[in-house]
Number of protein chains: 2
Amino acid sequence: MRRTQPQTLPSPQLLDELSAFFRLLSEPARLQLLCQLKHGGAMDVASLIEATGFSQSHISRQLGQLQRAGLVSCERDGVRLIYAVADPLVDDLCNLVQRRLKQRLEQQLRQLQAV
Amino acid sequence: MRRTQPQTLPSPQLLDELSAFFRLLSEPARLQLLCQLKHGGAMDVASLIEATGFSQSHISRQLGQLQRAGLVSCERDGVRLIYAVADPLVDDLCNLVQRRLKQRLEQQLRQLQAV
DNA sequence: AGGGCTTATGCCGATGCGCGCATTATGCAG
DNA sequence: CTGCATAATGCGCGCATCGGCATAAGCCCT
């Protein structure tokens, strides 16, 4: 019947790693890049520049962060780098959060109508 | 056979809301507060101060942010405010990410041993 | 090797935010 | 009404990071 069983507190180190991961997703630019990659499959940097309007250096940096975290992978095609989403987890997380945002708005709407 | 079906890109507004949500979890202090609340059930601010070592003002601010996002709820007990986790989503997200971090480390370990 | 690509990196200003101190606001007891 | 406790807020410092510009580094072609 216990809805939230007692559990040990996460170690400070785990806390840092979790928050570092969420921080990666806390930047609209990075999230946008991930969504573009999911939408377009595998894309090179030029396409990402055109799709997002960001500068080349900015995109390079953000992709670097995402790659170090293993969220995107890249392979060479001659001089170009082709990036792609490497982990479906981000999409799952976004869907969960989006569903939650929607539910929350619907609830607020009902409360307004209940007046 | 399509592993990632084509989908419409999220609007800039949704992108901002998603990233804002993840930003809430991108701070170790907030994550720690959420974990403490999950661990202790419902706690007042004094207990949180003792458990985390943060200043009263800091905790008040962080709880305010979490409450505005609907992640924690609070009720009065006389002059004290008792906070509690209001949404199991955060715990789910953390578990997903934690599992992923673990898998990633195991994979890196295997790659080292394969040498 | 040299020139023309594409990507990564040093630098820097602007911005945001964590976080404590001091103060104010809010509820309770006398 | 006056203290007394607790929680919220104004203020300020410090630090991290975003994001563009300029430059360096890496790859391909002749």
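Here's what I pulled together on the structure shown here. (Residues numbered from 1 in each chain as written. Chains lettered and ligands numbered in written order. Predicted model: local features only at pLDDT ≥ 70, side-chain atom pairs only at ≥ 80, totals over all residues. Heavy atoms only, no water.)

1. Considering the relation of the copies chain B and chain A
Part 1 of the argument: With an RMSD of 0.0 Å, the operation that places chain B on chain A is a rotation of 180 degrees combined with a shift of 0.0 Å along the axis. Overall, the copies show the geometry of a two-fold rotation axis.
Part 2 of the argument: By residue overlap, the copies meet face to face through one surface: 98% of the interface positions of chain B are interface positions in chain A. (Least-squares fit on C-alpha atoms with pLDDT ≥ 70 in both. Contact = heavy atoms within 4.5 Å.)

2. A look at the protein's contact with DNA strand C
Part 1 of the argument: Around DNA strand C, 20 residues are found, and the nearest of them are Gln-56 and Arg-61 of chain A together with Ser-55, His-58 and Arg-61 of chain B.
Part 2 of the argument: In this structure, Leu-81 of chain A approaches DNA strand C through a main-chain N or O atom, which is 3.2 Å from a phosphate oxygen.
Part 3 of the argument: Taking Arg-61 of chain B, its side chain carries an N or O atom lying 2.8 Å from a base oxygen of DNA strand C.
Part 4 of the argument: For the surface near DNA strand C, the secondary structure elements donating two or more residues are helix 4 (56–68) and strand 3 (80–85) of chain A together with helix 2 (28–40) and helix 4 (56–68) of chain B.
Part 5 of the argument: Among the residues forming the surface near DNA strand C, the class breakdown is five nonpolar, eight polar and seven charged. (Near = heavy atom within 4 Å. Polar contact = N/O pair within 3.5 Å; in protein donor to acceptor, adjacent residues only side chain to side chain. Helix = DSSP H or I, 4+ residues; strand = E, 2+ residues; numbered from the N terminus. Nonpolar A, V, L, I, M, F, W, Y, C, P; charged D, E, K, R; others polar.)

3. Quick look at the interface of chain B and chain A
Part 1 of the argument: Between chain B and chain A, the contact holds 40 residues from the first and 39 residues from the second.
Part 2 of the argument: For the pairing of chain B and chain A, the buried interface totals around 3,700 Å² over both sides, and the portion due to carbon and sulfur atoms is 69%.
Part 3 of the argument: Our enumeration of links across chain B and chain A arrives at two salt bridges.
Part 4 of the argument: In this structure, Asp-87 of chain A engages Arg-100 of chain B in a salt bridge whose closest nitrogen and oxygen atoms are separated by 2.7 Å.
Part 5 of the argument: Counting across the interface, chain B meets chain A through 11 residue pairs in polar contact (both at pLDDT 80 or more).
Part 6 of the argument: Mapped onto the side of chain B that touches chain A, the elements with two or more residues apiece are helix 1 (12–24), helix 2, helix 4 and helix 5 (89–113) of chain B. (Buried area = accessible area lost by both parts, 1.4 Å probe. Salt bridge = Lys/Arg side-chain N within 4 Å of Asp/Glu carboxyl O.)

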